[in-house]
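As a plain string of letters, each chain reads:
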Amino acid sequence: MPFQKLGLSDEVLRGVQAMGYVDPTPIQLRAIPLILSGRDVTGSAQTGTGKTAAFALPILTTLKTHGKCRVLVLKPTRELAAQVDTAFRDYGRFTNLRTTVIFGGVGYGQQREDLKRGMDVLVATPGRLLDL
């Protein structure tokens, strides 16, 4: 089943195509329809199987337009947080949704400014989230 039949928005499908994805992976095939229907999903799969896309694509489709922060993604390390932030930006490049990432090891200034400006998706590490 191609991505076009999963119920993703046109803007998100454009982001998927721009990333060069053709067919969804097994975890994406199982998770995307459930998330789009409003169900909670817990998934487990090997590294490199598309877990981030499995939750990011339906989230971006559900958000549709810019609003207040509606999604918080917690990651244990700044490297993982940065990867997820990049994925959300890539998949959502044809939407007007804003994503920002906050993590430790860098100054607070830009991260505070990003939070004040507002975002739809916040990707964070727990420590820096508590700090801010």
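Small disclaimer: the values here were computed from a predicted structure and weren't measured. (Residues numbered from 1 in each chain as written. Predicted model: local features only at pLDDT ≥ 70, side-chain atom pairs only at ≥ 80, totals over all residues. Heavy atoms only, no water.)

K.L.:
Is there a simple way to think about the sheet that holds strand β2 (residues 99-102) in this case?
P.N.:
In a beta sheet, neighbouring strands pair by backbone hydrogen bonds and run either parallel or antiparallel. Strands sit in the order β1-β3-β2 across an open sheet of three strands; the sheet is parallel. Single-partner strands in this sheet number two, and they are β1 (71-74) and β2. Adjacent strand axes in the sheet meet at a mean angle of 20° when their direction is disregarded. One ladder, built from four bridges, connects β1 with strand β3 (residues 121-124); its direction is parallel. Bridging across to β3, L72 finds its partner in L122. Relative to β2, helix α4 (residues 78-91) is tilted by about 175°, and along the sheet it contacts β1, β2 and β3. (Pairing = 2+ DSSP bridges. Helix = DSSP H or I, 4+ residues; strand = E, 2+ residues; numbered from the N terminus. Axes fitted to C-alpha atoms, helices over the stretch in contact; angles between N-to-C directions. Contact = heavy atoms within 4.5 Å.)

K.L.:
Could you clarify how one ought to interpret the packing of aromatic side chains in this entry?
P.N.:
The geometry of an aromatic ring pair comes down to the distance between the two centres and the angle between the two planes. By the definition in use, this model includes two aromatic pairs. Summarising the aromatic geometry, the rings of Y21 and Y91 are spaced 6.1 Å apart at their centres and angled 50° between planes, so their arrangement reads as tilted. Highlighted residues: Y21 in the loop between α1 (10-18) and α2 (26-36) and Y91 in helix α4, separated in sequence by 70 residues. Between the aromatic rings of F55 and F88, the centroid separation amounts to 6.0 Å while the plane-to-plane angle is 55°, which identifies the pairing as tilted. On the criterion of sequence distance, the pair formed by F55 in helix α3 (residues 51-63) and F88 in helix α4 is long-range, its members being 33 residues apart. Owing to a relative accessible area of 23%, F55 belongs among the partly exposed residues under this scheme. For F88, a relative accessible area of 1% corresponds to the buried category. Its end group placed over the ring of F94, R14 keeps NZ or CZ at 4.0 Å from the ring centre. (Phe/Tyr/Trp six-rings, centres within 6.5 Å; stacked < 30°, edge-to-face > 60°. Buried < 20%, exposed > 50% of the residue type's maximum accessible area, 1.4 Å probe, protein only. Lys NZ or Arg CZ within 6 Å of the ring centre and 35° of its normal.)

K.L.:
Would you mind showing me how to read α1 here?
P.N.:
Two residues of an α-helix separated by three or four positions point the same way, owing to the 3.6 residues in each turn. Burial in α1 covers these residues: V12, L13, G15 and V16. Looking down the long axis of α1, one finds its buried residues gathered within 155° of arc, a one-sided arrangement. The inward-facing, buried residues of α1 abut α3 and α4. One or two steps after α1, the chain reaches G20, where phi turns positive at roughly 90°. (Arc of directions from axis to C-beta.)

That is the geometry; function is a separate question.
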